[in-house]
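Now for the letters of each chain:
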Amino acid sequence: MLSRREWSKSAFSALIGAGSLAAISVTPKQAGAAEDIVWKTGRTPQIPGQKPKDKGDTKGTKKDPGFLRSISDCKSKCENSYGPDGLARTSTECLSECQDICCTTYEQCTFAIVPR
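Just so it is clear, the structure is predicted and the values come from calculations on it, not from any experiment. (Residues numbered from 1 in each chain as written. Predicted model: local features only at pLDDT ≥ 70, side-chain atom pairs only at ≥ 80, totals over all residues. Heavy atoms only, no water.)

Now for the layout of surface pockets. Each pocket or cavity is described by its volume, and for the largest pocket that value is around 660 Å³. The residue makeup of the lining of the largest pocket, split by class, is 2 nonpolar, 7 polar and 10 charged. (1 Å grid on protein atoms, 1.4 Å probe; cavity = no way out; pocket = protein on both sides within 12 Å on 5 of 7 lines; lining within 4 Å. Points joined across faces, edges and corners; volume = space filled by probe spheres on them. Nonpolar A, V, L, I, M, F, W, Y, C, P; charged D, E, K, R; others polar.)

Our focus in this paragraph is the state of the cysteines. Enumeration over the complete set of coordinates arrives at 3 disulfides. One disulfide bridge connects C74 with C98, the sulfur atoms lying 2.2 Å from each other. Looking along the S-S bond of the C74-C98 disulfide, the torsion reads about -80°, which is the left-handed sense. Remark: C98 occurs in helix α4 (residues 91–102) and C74 occurs in helix α3 (residues 65–79); sequence separation between them is 24 residues. Accessibility assignment for this pair places C74 and C98 in one class, buried. With a sulfur-sulfur separation of 2.2 Å, C78 is cross-linked through a disulfide to C94. Residues C78 and C94 share a disulfide whose torsion about the S-S bond is about -80°; that sign makes it left-handed. In this pair, C78 is assigned in helix α3 and C94 in helix α4, connecting sequence segments 16 residues apart. Both residues of the pair, C78 and C94, count as buried. In the protein, the bonded cysteines, taken in the order they occur along the sequence, pair up as 1-4, 2-3, 5-6. Cysteine C102 remains unbridged, with the sulfur of C74 as its closest cysteine sulfur at 4.6 Å. (Disulfide = S-S within 2.5 Å. Helix = DSSP H or I, 4+ residues; strand = E, 2+ residues; numbered from the N terminus. Buried < 20%, exposed > 50% of the residue type's maximum accessible area, 1.4 Å probe, protein only.)

Here's what the structure looks like:
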């Protein structure tokens, strides 16, 4: 009869062996799929078989009409309300706050909005 310590030792070694076997059993097709992607600095990755993005597509950019519309709505609401100190907010304060609220992509969240 095995003691509790010997039984748990054999059970854990069996689990570790099965886990390492599962980690090693990667098919060559899975490993090669990641090698086909071409990564270029500052650009989206080029994936074989995927259509290139249309030049006129502005979705997710700082020129996205939906993003600009939401910034405009937020700014007008912000300028018509009072701040926590009871004073009206400036256009710059509102743009900065609205950018944080409305952005959905990295590009939208990081570009510098300049008031006109």
